[in-house]
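One-letter residues, chain by chain:
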Amino acid sequence: VEIIDNRKGNRTFKSDLVEVVAGEVTSIELYPKVNNGNQIKLFKENDKWKVESEGKKYNADQALAGQLISSLNNMKPKSVAATNKDRWEQFEVTDSLGTRVKLFNNTSLLTDVIIGKFSFAQPRNMTSYVRLLDDKEVYGVEGMLGMSFNRNLNSFRDRTIIKSNKTDWTKLTFSYPADSSFVLEKLGDDWMIGEMEADSASVVEYFNKIASLSDGSFSEEKPVNQPTHSLTIEGNNMMQKVQITGYFIDDENFIMESNQNPGAYFNSKTSAEKVFVS
């Protein structure tokens, strides 16, 4: 029957490997190869995604979980690469060589899949090899799935330093060492520093740099010294006040924390120079 149907153009293998409803997924467990197979867990807490590994918990990139689920749902087998376990190692779909991904609805396991290596058949035609844990078959699917799932902990974290609507801003207070502090405030249509009118082009350029600022240079340790810099942004339309606190350590290390991403510390001289302007 399979041979006859195949001649008619019908597939003899699965057309979908994963079919889950994104809203039903409450946690994602990953065992990335780059993390030596140690678990990284994304889970919902008070309707917010968190990420946890080896006892450390952080805010997660809120869009990432949905992207991972969508990537699995969109896997469409275009070939069967192997039909027995003798070739699992060749396609890196064993527990030790692949990246295992499990989706849960509370304690119910929705899917369990191992993502193996990828190959280039021709330019712009990439194939990833995957296996459902309980199946012997290895499937070739389009794309480079490993880049989405085979990542370290920091790749899943929330990188937000500032995410705010700049059109609502009315007052920025810069607190610096010595006597270099100042306030940039909007009066009517003009931005003022004390009684001096600020250069409008410079203000616009600065706002564009920091209104949607993110960084992946995380620091694991909270600074032990007292803050040396701070920026407070206030505005209209009941906007959430933005508070950035800076700790100058030395010429190469400048740590920042943001009230928009509690618990995260960023060691980035580049971002600090964007935020704490003179």
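The following refers to the structure shown.

Sheet topology note: the strand S11 (residues 169-175)/strand S12 (residues 182-187) ladder contains four bridges and is antiparallel. The partner of lysine 171 across the bridge, within S12, is glutamate 185. Where S12 meets strand S13 (residues 190-193), three bridges bridge the pair, whose relative direction is antiparallel. Within the sheet, the bridge partner assigned to leucine 187 lies in S13 and is aspartate 190.

Here we come to a negative patch on the surface. Residues Asp189, Asp190, Glu197 and Asp199 make up a contiguous surface patch of negative charge. Structurally, glutamate 197 is set in strand S14 (residues 196-197).

As a working rule, side chains carrying opposite charge can pair if their charged atoms are close by. Tallied over the entire structure, the rule returns eight salt bridges. With its nearest N and O atoms 3.6 Å apart, the salt bridge here joins glutamate 29 to lysine 102. Within this pair, whereas glutamate 29 is found in strand S1 (residues 27-31), its partner lysine 102 is found in strand S6 (residues 99-105), the two being separated by 73 residues in sequence. The two residues glutamate 29 and lysine 102 agree in class, both being buried. Linking lysine 33 and glutamate 92 is a salt bridge whose minimum nitrogen-to-oxygen distance equals 3.6 Å. With a gap of 59 residues between them, lysine 33 in the loop between S1 and strand S2 (40-45) and glutamate 92 in the loop between strand S5 (77-82) and S6 connect regions that are remote in the sequence. Owing to a relative accessible area of 37%, lysine 33 belongs among the partly exposed residues under this scheme.

This part is about the sheet that holds strand S18 (residues 253-258). Strands sit in the order S14-S13-S12-S11-S16-S17-S18-S19 across an open sheet of eight strands; the sheet is antiparallel. The open sheet has two edge strands, S14 and strand S19 (266-267), and neither has a second partner. Looking at chain direction, S18 and S19 are connected through two bridges and run antiparallel. Looking at S19, one finds that isoleucine 255 is bridged to asparagine 267.

Glancing now at the pairing of strand S17 (residues 242-250). In terms of strand pairing, strand S16 (residues 229-235) meets S17 through five bridges, oriented antiparallel. Residue pairing in the sheet places isoleucine 233 in a bridge with valine 242 of S17. In this antiparallel pair of consecutive strands, S16 and S17, the connection spans six residues, and asparagine 237 shows a positive phi of 60 degrees. Relative to S18, S17 runs antiparallel, the two being bridged by six bridges. Its bridge partner being in S18, threonine 245 is matched across the sheet by glutamate 257. Once S17 ends, the chain turns through two residues before running back antiparallel as S18.

Cut-offs and rules
- Residues numbered from 1 in each chain as written.
- Predicted model: local features only at pLDDT ≥ 70, side-chain atom pairs only at ≥ 80, totals over all residues.
- Heavy atoms only, no water.
- Pairing = 2+ DSSP bridges.
- Helix = DSSP H or I, 4+ residues; strand = E, 2+ residues; numbered from the N terminus.
- Patch = residues over 30% accessible without salt bridge, like charges linked within 9 Å, V, L, I, M, F, W, Y side chains within 5 Å.
- Areas by Shrake-Rupley, 256 points an atom, 1.4 Å probe, with all protein chains shown as cover.
- Salt bridge = Lys/Arg side-chain N within 4 Å of Asp/Glu carboxyl O.
- Lys, Arg positive; Asp, Glu negative; His and termini not counted.
- Charge placed at Lys NZ, Arg CZ, Asp CG, Glu CD.
- Buried < 20%, exposed > 50% of the residue type's maximum accessible area, 1.4 Å probe, protein only.

It is worth stressing that arrangement in space is one thing and function is another; only the former is reported here.
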